[in-house]
Amino acid sequence: MLLDVKDVSKSFGGIRAVRSVTLGIEKGSISSIIGPNGAGKTTLFNLLTGIYKADTGSIIFNGRSMIGLRPDQVNAAGMARTFQSIRLFPTMTVLENVMVGAHSRLHVSILQTLSRVSAFTRQEERLTEKATQLLHFVGLAGKGDEVARNLPYGDQRRVEIARALASDPELILLDEPTAGMNPNESADAMALFRRVRDELGITVVLIEHDMKVVMGISEHISVLDYGEKIADGAPAEIRANPRVIEAYLGRGAASGIDPNNPNPAKAEAAK
Amino acid sequence: MTTSRAAVSEAGARSGFWGRFLSPTSAAVFLIVYLAVVIGLLLSLDRASLWFSIQSTIVFPAFILSPLLIHSAPIPRTWKAVLIGLVMLIAMPIIGISDSSYLELAIQVCIFAGLALGLNIVVGFAGLLDLGYIAFFAVGAYVWGMFTSTAPTIFNELGILIPPDSQAVAFIIFIGIGILAAACIGILLGLPVLRLRGDYLAIVTLGFGEVIRIIARNGDSPTNFTNGSQGLLNVGRPLVSADMVSRIDELSNTLNIRVVGNLQPLTQQILFYFIAILMLGIILVVANRLQNSVIGRAWTAIREDEVAAIAMGVPLVRMKLMAFALGAAFAGAIGVLYGAKQTFVSPESFTLLNSISILAMVIVGGLGSIKGVLLGAMIVTLLQLQVLKNFSLQLNALKNIDYVILGFHIRDWPTQLEPAKYERFVFGILLVLMMLFRPAGLLPESRRRLELMQTNDLPDEPPSDIPGTPSGPANPAAAGD
Amino acid sequence: MTTETLSTRPTTGILDSLRENPTVKRIQSNWIYRYIVFPIGQMLFFIVAAALVMTVIAYAVSIVVPEPRPNINLAAQITKQLPGMIVSGVGIGFVYAMIALGYTLVYGVLKFINFAHSEIFMVGAVVGFEITDRLAASGTIASWNPLILVPFVVISSMLVSGGLAVLIERVAYRPLRGAPRLVPLITAIGLSFFLIDGVRALVAVTRNDFNLTYPTQELDFLKNPIPLTFNGPVVGGTNIGGVTYEQITADGVVLDEWQVESATYSSITVGGVTLGGVPVKANDISSGETGYDMILVEGRDLDEIEDGANIVNIRITVIIIVLSAVIMLVLLNYFVNGTKIGKGIRAVSQDQATAGLMGINVNRMVAITFFLGGAFGGAAGALFGLNVGTVTPYVGFIPGLKAFTAAVLGGIGNITGALLGGLTLGMVEAFLNGTLVYFPALGQRYTDIFAFSVLILILIFRPSGLLGERVDEKV
């Protein structure tokens, strides 16, 4: 197990956003976390990356406890992420955005920076080169000098992924990476996620709503509902799981669902 | 990327004022004529003239701004360097010999430009609004003052003052000490407060600035460290040698310039002018290198989106502390220079008004823009120390001869309505107008222009998938997905 | 997680069980209870609580440092001064509370610290001066009934300050709504500076002087304080508690620019007057470090006065402050909780966008809020002016900062919090004013540092204040 989450809970005031969730992520896998809106998926990501402190439970990443680490320390430990609503640094260039992503892999010394010794210049050169390569990898070659917020939506998502990859992570957490994309773009994105795993050897975890993406790419799916994990398994198992169908469509619908239609939302619309 | 931005600014410069000039040569000729006219006018102004105050208020700023004008001109770099060198290292001292008040102004501009560049690191680069910045300046000034002033302080009583003949060496060492002391205090203050949200940080730093001032004002009892509200008198300075004085004398004779007043203090001023130029130069290099580095990018990232920055591995508190400490260090170093130059350090030089005037320099010039901040420092310092003051002098001159304009006796102008006393009014209105109409400043940094011009595109709180960040009450309902 | 914004109910849950009782519920739903009994009771409760806290702290300090300087028994001094300190603490406290309301109301709806509020307070003080001064100049002021004069002055200040606040919002803040946080904050700082010198220029043109002294000497009802004799533990008496002395003499020279007031001599308006080459500071008098052999106050030696009367004089202005504040706070409570506009304001404070979608005119609600906050600031200014006598265009800064501290102390955005914070801060300050003089190493000049320190510490350790709920520190 690369990531081992045990009994993690988080409450806000009286609302228990995540209730003792346990899940494991295999090294080298592509997994998804799904669930209806408000199920606690993003909160779980925020707990994993240290943005929230878990009330209880343990998070072991690569044999190391992540509990109590700050987000930057979690990032340095090898867990990178993207955000549901794109959070690029809007007025920096695309290349600079990606360069910031590598911060935890750099040696930042004020004296070196001020004296511009060769170590500093070399580091800057390597960094620029690496960022350029990453942009090439996500399919944004030649767009490095554009200001991030002027890019089209889909490209911004790619920059976010390149930025996350810049920290050389072992695990990348993608929060709804295909939200707002049309089917063609989604297909491209899926191919990109596969390449991240296959070519870079990075474990991928997605939060997704698009069932085509989820079912098409995931080797393992966990389902959250009201902060609890209600199911866990391979795509086929999840598709047939009555609790999952119930969570998405309500009890009444659970009996009449067509297991071959991968998108329950469409199923309901069709009724 | 760097090249592309330079190209953009070059193009920007061409399309504006400099667009009229077809070749570098014509631009250079224009600059030389401009400089000749301005310097000639400055040297020929008649101090006895009734309108002298107004005249010098018009001509001197035109001279002081010329390095920036040269810098923006479409001419080769070496020409720029030569011209700027001529203006700053030769023309200015000569003008200073003819009237040392210009030299004083130039030194003050350098001092405040240095301070503004330091504050720019904190506010402009890292986006932390510091309203007590002057406190670090005070630290530098007091560090030097306490060990050299002849005021009856504890240091004087204990006999641990630096003897006058070794003050030149001590001055250099104390610049280092000033840097360290200010940076340490910056870190000590920053550690607890940098976790605060922007507006709270502003108020806490304001409080801190006042606390430092009150401590300085009351630091005369029970043990006299600061000599209280009377301030530290006779603060030491690196002295000029008799040799240097005689050389300035020769120089003024060769140039046929009549020296007004005593030669020794003039030579001293010239020395301080060169020290100030040197320090400003170092600060400029440092600020520039910081901006174009990992550190500078991390600061920008923090400024634009703290949550994204920390999630990308930027250690928030450490980077903020670095900005705070570096900004403080600049102020500490310049504080030492200021103490030595003024030979008098008192709490009244370090008020909120001073902090705000430095902030005004940064805002007027352009947050984060090094060139802009230099321009801002020139404008605001000249406003404060020359324009308003000279308006007052002019008013008094006109009052004395009972000048009548359009039937109004200048004599009847209320004495309480003296322009020099209305700095707050000017700074206040400058800040408001800049924020309303040109929030990115007169010479905006390219990034800032994007950030501040189209403010409506940028929600002040990112529509967060992280409830409640970066501010305000969290909304648990949004905690899910 | 949510800080309950603009609520007037304390979030302490001591009486939770009682609330379920049907009789209690019936009483609570009665408007007399809700809009009169409850807020006044709450204020009384806060006054008593703040006074108790101060007393406990005072005696605790006296146990730790029983004799801060030779022959001074701190406990005995405190006992002697306590009633005076409480009275002046309530007076200062209500002024702070009223200013703090301006910060809190605006913060509640816009999540923005209106840095210029201290100057709106100052404008109130200057307007109060203008009106009383003009009445005095026309010679009619003495013939006014105090019960009409005081409300007239206060309400005029409220209208001008409130109007100014609305104008500022319209011209300077509204165009910047939605801009990055630093932008309106810097605008507010600029406005604050602009207003200080703007007012200064106005008064400079009209009277060529910017020390504005209220014509309190012509107001008979302000002259004589109400003496209160305390029995029981009070021995000796207070200092020259609360009387405005017209003449202070040092070595036979009259210090006529001064006014001595409140329990100790701290609030003398001018910080230092050079007399015969020796600067004298207000706090020097009380700590006996003047360089003068003897200081006479209205013909009596200072030492003699200190050991003299066993009476606490309650200044009329303190009573006026407390009465006006109570009336206005009751009205504010009704306005915010009992009217439709109040409901609109609360809605805007919770979610501007949604409130707008529900048909609430957000701009109007924001303007009304600014008016309310400005009016409270103006009232505080006029009352403050009546109390201290002399104001200048620079008078806003320190009270403004302290009131902001009070607002943060109580929990910014929370109306009840502003009241509690103001009273607590006023009380602590009165205590410091009264006792710091006995500590030779400190002296009263550190009173202001204390307020700043409180501010810094609260912001660091409990930014949500006493009544705000803790907000999880993010990132």
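Values in this document were obtained by computation on a predicted structure and should not be read as measured data.

### Quick notes on the overall build of chain A
Logical step 1: If you tally the helices and strands in chain A, you get 12 helices and 10 strands.
Logical step 2: The C-alpha radius of gyration computed for chain A amounts to 20 Å, which stays within 12% of the reference 18 Å derived for 271 residues, consistent with globular compactness.
Logical step 3: Seen through its C-alpha atoms, chain A measures out along the principal axes to roughly 70 × 40 × 30 Å.
Logical step 4: Out of the 271 residues belonging to chain A, those deemed buried represent 55%.
Logical step 5: A fraction of 67% describes how many contacts in chain A between residues 6 or more apart in sequence connect residues 24 or more apart.
Logical step 6: Carbon and sulfur atoms make up 51% of the accessible area of chain A, which amounts to about 11000 Å² in all.
Logical step 7: Between the mean site of the 31 positive side-chain charges and the mean site of the 31 negative ones, chain A shows a separation of 3 Å.

### Quick word on a nonpolar patch on the surface
Logical step 1: Together, Trp31(C), Ile32(C), Ile36(C), Val37(C), Ile40(C) and Leu44(C) make up an exposed nonpolar region whose accessible area comes to about 550 Å².
Logical step 2: Looking at the secondary structure, you find Trp31(C) in helix α3 (residues 31–64).

### Quick word on the sheet that holds strand β7 (residues 171–175) of chain A
Residues and elements named next belong to chain A.
Logical step 1: Pairing within the open sheet is mixed, and its six strands lie in the order β6-β7-β8-β3-β9-β10. Whereas interior strands pair on both sides, the edge strands pair on one side only; in this sheet they are β6 (79–81) and β10 (228–233). Across the sheet, the mean angle from the axis of one strand to that of its neighbour is 20°, orientation sign disregarded.
Logical step 2: Inspection of the sheet shows strand β3 (residues 30–34) paired to strand β9 (residues 220–225) by four bridges, in the parallel sense. From the neighbouring strand, Ser-31 faces β9, where its bridge partner is His-220.
Logical step 3: Strand contacts of helix α7 (residues 183–200): β3, β7 and β8 (203–207), with the helix running at about 155° to β8, the strand carrying the most contacts.

### Here we look at the pairing of strand β2 (residues 15–25) of chain A
Logical step 1: As defined by bridge partners, strand β1 (residues 3–12) of chain A adjoins β2(A) across seven bridges and the pair is classed as antiparallel. Paired with Val5(A) across the two strands is Leu23(A), which belongs to β2(A).

### Thoughts on unusual backbone geometry
Logical step 1: Positive phi values are uncommon outside glycine, yet Asp7(A) reaches one of about 55°.
Logical step 2: For Asn227(B), which is not a glycine, the phi torsion comes out positive at approximately 60°.
Logical step 3: Of note, Asn227(B) is situated in the loop between α10 (198–218) and α11 (242–254).
Logical step 4: Given the relative accessible area of 7%, Asn227(B) is considered buried.

### Observations concerning the side chain of Asn224(B)
Logical step 1: Of note, Asn224(B) is situated in the loop between α10 and α11.
Logical step 2: On the accessibility criterion, Asn224(B) (14% relative accessible area) is buried.

### With respect to the packing of aromatic side chains
Logical step 1: Under the criterion given, the structure shown has 28 aromatic pairs over all chains.
Logical step 2: Between Phe137(B) and Phe350(B), the aromatic rings sit 5.7 Å apart at their centres with planes inclined by 70°, giving edge-to-face as the arrangement. With Phe137(B) in helix α7 (residues 134–148) and Phe350(B) in the loop between α15 (316–342) and α16 (352–365), this residue pair connects regions lying 213 residues apart in the sequence. Across this residue pair, the class does not change: Phe137(B) and Phe350(B) are buried.
Logical step 3: An aromatic cluster is built from Trp144(B), Phe147(B), Phe155(B), Phe171(B), Phe174(B) and Phe225(B), whose rings are joined through pairwise contacts.
Logical step 4: Taking the ring centre of Phe89(A) as reference, the NZ or CZ of Arg163(A) above it sits at 4.7 Å.
Logical step 5: Lying over the aromatic face of Phe137(A), Arg195(A) brings its terminal NZ or CZ to 4.3 Å of the ring centre.

### Observations regarding the nonpolar core
Logical step 1: Within the largest apolar cluster, 326 residues are counted, with the highest numbers of intra-cluster contacts made by Phe63(B), Trp299(B) and Phe94(C).
Logical step 2: Non-local contacts of Phe94(C), meaning those with residues more than four positions away in its chain, are made with Met43(C), Ile47(C), Ile321(C), Val322(C), Ala325(C), Val326(C), Leu329(C), Leu419(C) and Leu423(C).
Logical step 3: Of all hydrophobic cores here, the second largest spans 38 residues; its members include Leu134(A), Ala148(A), Leu192(A) and Ile217(A).

### Points about α16(B)
Logical step 1: Between its terminal C-alpha atoms α16(B) stretches 20 Å, which fits the 20 Å expected from 14 residues at 1.5 Å a residue.
Logical step 2: Immediately beyond the C-terminal end of α16(B), within one or two residues, lies Gly366(B), with a positive phi of roughly 135°.

### Regarding the pairing of β1(A)
Residue and element names in this part refer to chain A.
Logical step 1: Between the antiparallel neighbours β1 and β2 lie two residues, among them Gly-13 with a positive phi of about 55°.
Logical step 2: As defined by bridge partners, β1 adjoins strand β4 (residues 56–61) across five bridges and the pair is classed as antiparallel. Residue pairing in the sheet places Leu-3 in a bridge with Phe-61 of β4.

### A short note on the sheet that holds β4(A)
Logical step 1: The strand order across the open sheet built from four strands is β2-β1-β4-β5 (chain A), with neighbouring strands paired in antiparallel fashion. Strands with a single pairing partner mark the edges of an open sheet, and in this sheet they are β2 and β5 (64–65) of chain A.

### So, the packing of helix α3 (residues 94–101) of chain A against helix α5 (residues 118–137) of chain A
The description of two packed helices rests on the angle between their axes and on the distance between the axes.
All names here are of chain A.
Logical step 1: In the contact formed by α3 and α5, the axes pass within 9 Å of each other and the chain directions differ by 110°. The angle between the axes of α3 and α5 places the two elements in the roughly perpendicular class. α3 and α5 meet at a crossing whose hand is right-handed. Contact residues: α3 offers Val-94, Leu-95, Val-98 and Met-99, while α5 offers Glu-124, Leu-127, Thr-128, Ala-131, Thr-132, Leu-134 and Leu-135.
Logical step 2: When its residues are assigned to classes, the contact of α3 with α5 shows eight nonpolar, two polar and one charged.

### A short note on the confidence of the model for chain C
Residue and element names in this part refer to chain C.
Logical step 1: Per-residue confidence for chain C gives a mean pLDDT of 76; residues scoring 70 or more make up 73%.
Logical step 2: Per-residue pLDDT, averaged within each element of chain C, yields its smallest value for strand β5 (residues 272–275) (32) and its largest for helix α6 (residues 146–173) (94).
Logical step 3: Confidence over residues 256–284 falls short of pLDDT 50; this stretch has 79 contacts with residues more than four positions distant or in other chains.
Logical step 4: Overall, residues 470–475 carries pLDDT values under 50, and its contacts beyond four positions in sequence, including any with other chains, amount to 23 contacts.
Logical step 5: Both scores are given for the predicted complex: the pTM is 0.83, the ipTM 0.88.

### Concerning the environment of Ala355(C)
Residue and element names in this part refer to chain C.
Logical step 1: Within the secondary structure, Ala-355 sits in helix α13 (residues 352–357).
Logical step 2: Residues Ala-355 and Gly-344, spaced 11 residues apart in sequence, show a C-alpha to C-alpha distance of 7.7 Å.
Logical step 3: Excluding residues within four positions of it along the chain, Ala-355 makes contact with Ala-347, Val-348 and Ile-360.

### Observations regarding the environment of Leu284(B)
Residues and elements named next belong to chain B.
Logical step 1: Along the chain, Leu-284 falls in helix α12 (residues 263–291).
Logical step 2: Using a relative accessible area of 24% as the deciding quantity, one classes Leu-284 as partly exposed.
Logical step 3: Each C-alpha atom, one on Leu-284 and one on Leu-406, is 48 Å from the other, the two residues being 122 residues apart in sequence.
Logical step 4: Each residue touching Leu-284, except ones within four places of it in the same chain, is listed here: Leu-117, Ile-370 and Leu-374.

Scoring rules and cut-offs
Residues numbered from 1 in each chain as written. Chains lettered and ligands numbered in written order. Predicted model: local features only at pLDDT ≥ 70, side-chain atom pairs only at ≥ 80, totals over all residues. Heavy atoms only, no water. Helix = DSSP H or I, 4+ residues; strand = E, 2+ residues; numbered from the N terminus. Rg over C-alpha atoms; globule rule 2.2 N^0.38 Å. Buried < 20%, exposed > 50% of the residue type's maximum accessible area, 1.4 Å probe, protein only. Contact = heavy atoms within 4.5 Å. Areas by Shrake-Rupley, 256 points an atom, 1.4 Å probe, with all protein chains shown as cover. Lys, Arg positive; Asp, Glu negative; His and termini not counted. Charge placed at Lys NZ, Arg CZ, Asp CG, Glu CD. Patch = residues over 30% accessible without salt bridge, like charges linked within 9 Å, V, L, I, M, F, W, Y side chains within 5 Å. Salt bridge = Lys/Arg side-chain N within 4 Å of Asp/Glu carboxyl O. Pairing = 2+ DSSP bridges. Axes fitted to C-alpha atoms, helices over the stretch in contact; angles between N-to-C directions. Phe/Tyr/Trp six-rings, centres within 6.5 Å; stacked < 30°, edge-to-face > 60°. Lys NZ or Arg CZ within 6 Å of the ring centre and 35° of its normal. Core = buried A, V, L, I, M, F, W, Y, C linked by side-chain atoms within 4.5 Å. Expected span 1.5 Å × (residues − 1). Parallel < 35°, antiparallel > 145°, perpendicular 65-115°, else oblique. Left-handed = near helix turned anticlockwise from the far one by under 90°. Nonpolar A, V, L, I, M, F, W, Y, C, P; charged D, E, K, R; others polar. pLDDT = per-residue confidence, 0-100.

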